[in-house]
Amino acid sequence: MQSSKIEFLTKYNDLVKLAIESSPNLPDKLCELLVSEYELQAVALFKINENDSLTLIGKAGDTKKSLVKNSISACKECKLIKSKAGSSSLSTQSDCEIQISEYIIYEGCLFIKLNGKIHALFKVAKKTPFINSDKDNLQNIGDAAGNLLSIWFGTQNAGSLSTSQIISDIAHELRTPTNSIMGFASLL
C-alpha cells in the first residue's frame, strides 16, 4: 500500500472522530488539512447566519491575524450566499469584501449546503489562479468537508439528525471523493 494514501485516510479518520465527538477543534483541523494537502495558502471556514452574515468558525495557513474566531463578517457582493446554490459551489469573483490573506493572491469562496437550515462557506486562497481542475477538485473536497460538518453540526444540535442517520445517508458519497483524492495522490 502507498503510505501517502494511508496517511491521508488516517488524517481524514481523525477528522471524522472529531466530528462525531462534536469537538470545537474540528473547523480548525479541517482548514489545516485543506492547506496541507491541497496546495492552498490560507483557508477560513464561515457559518452562514440567517441574515446572510458570516461567523468565522475555523481558519488555517497564512490567514489574516485580524480574522478572529466567532467574529462576524459580511459580503454584500457574494453571489453564492444570495443564491443559496446547490450542495457545493465555487466562486472566484474578484469583488469579494472578505479577504483572508495579507498577500495579493487568488481567493475563492466555496459554498456548502449542509442541510435545510445550515450553510457554510470556505474561503480559500492560493498563489496561482484557479483552473477548471482546481474548481472541480474543490467542489469534491467541499462535498467531503460538508459531510464532516453535517456530522459535527448534527452532534452539536442533537435534536436535528442522529449521527448514525447522517453516516448512513452520506457513506456512498464519501467513496467517490476519497477514491479521487487517493488517485491524485498516487499520481503525485
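Residues numbered from 1 in each chain as written. Predicted model: local features only at pLDDT ≥ 70, side-chain atom pairs only at ≥ 80, totals over all residues. Heavy atoms only, no water.

> Sorry, what's going on with the overall build of the protein here?
Within the protein one finds five helices and six strands. Each helix and strand of the protein, placed in order from N terminus to C terminus, yields the pattern α-α-β-β-β-α-β-β-β-α-α. Every one of the 188 residues in the protein was classed for burial, and the buried ones make up 46%. Within the protein, contacts between residues separated by at least 24 positions form 54% of all contacts whose residues are at least 6 apart in sequence. In the form shown here, the protein has an accessible surface area of approximately 9900 Å², with 52% of it arising from carbon and sulfur atoms. (Helix = DSSP H or I, 4+ residues; strand = E, 2+ residues; numbered from the N terminus. Buried < 20%, exposed > 50% of the residue type's maximum accessible area, 1.4 Å probe, protein only. Contact = heavy atoms within 4.5 Å. Areas by Shrake-Rupley, 256 points an atom, 1.4 Å probe, with all protein chains shown as cover.)

> Whenever I open this one, unusual backbone geometry confuses me. Can you help?
Excluding glycine, residues mostly carry a negative phi; peptide bonds, for their part, are mostly trans. Backbone geometry places Ser-22, a non-glycine residue, at a positive phi of 60 degrees. Relative to the helices and strands, Ser-22 resides in the loop between helix H1 (3-20) and helix H2 (26-37). One non-glycine residue, Asp-52, lies in the positive phi region at around 70 degrees. As for its placement among the helices and strands, Asp-52 is situated in the loop between strand S1 (42-48) and strand S2 (54-61). The class for Asp-52 is partly exposed, based on a relative accessible area of 30%.

> Help me understand H2 in this model?
Every α-helical turn comprises 3.6 residues, leaving residues that sit three or four positions apart pointing alike. A rise of 1.5 Å per residue sets the reference length of H2, with its 12 residues, at 16 Å; its end C-alpha atoms lie 16 Å apart and thus fit the reference within 8%. Of all the residues in H2, the buried ones are Leu-26, Pro-27, Asp-28, Leu-30, Cys-31, Leu-33, Leu-34 and Val-35. Just downstream of H2, Glu-39 is the residue with a positive phi angle, here 55 degrees. (Expected span 1.5 Å × (residues − 1).)

> I keep staring at H1 and nothing clicks. Help me out?
With 18 residues, H1 extends 26 Å from end C-alpha to end C-alpha; this agrees with the ideal 26 Å at 1.5 Å per step. All buried positions along H1 are accounted for by Phe-8, Tyr-12, Leu-15, Leu-18 and Ala-19. Buried residues along H1 cover an arc of 110 degrees about the axis, so they all sit on one side. Just beyond H1, the residue with positive phi is Ser-22, at close to 60 degrees. (Arc of directions from axis to C-beta.)

> What exactly am I supposed to notice about the packing of aromatic side chains here?
Two descriptors summarise a pair of aromatic rings, namely the distance from one centre to the other and the angle between the planes of the rings. One pass over the structure, following the stated rule, counts two aromatic pairs. Taking the centre distance of 6.3 Å and the plane angle of 25 degrees together, the rings of Phe-8 and Tyr-12 count as stacked. A residue pair is termed a helical-turn pair when its members lie 3 or 4 positions apart in one helix, as Phe-8 and Tyr-12 do in helix H1 at four residues. Each member of the pair, Phe-8 together with Tyr-12, is buried. Judged by centre distance (4.9 Å) and plane angle (65 degrees), the ring pair of Trp-152 and Phe-153 falls under edge-to-face. We note that Trp-152, like Phe-153, is buried. (Phe/Tyr/Trp six-rings, centres within 6.5 Å; stacked < 30°, edge-to-face > 60°.)

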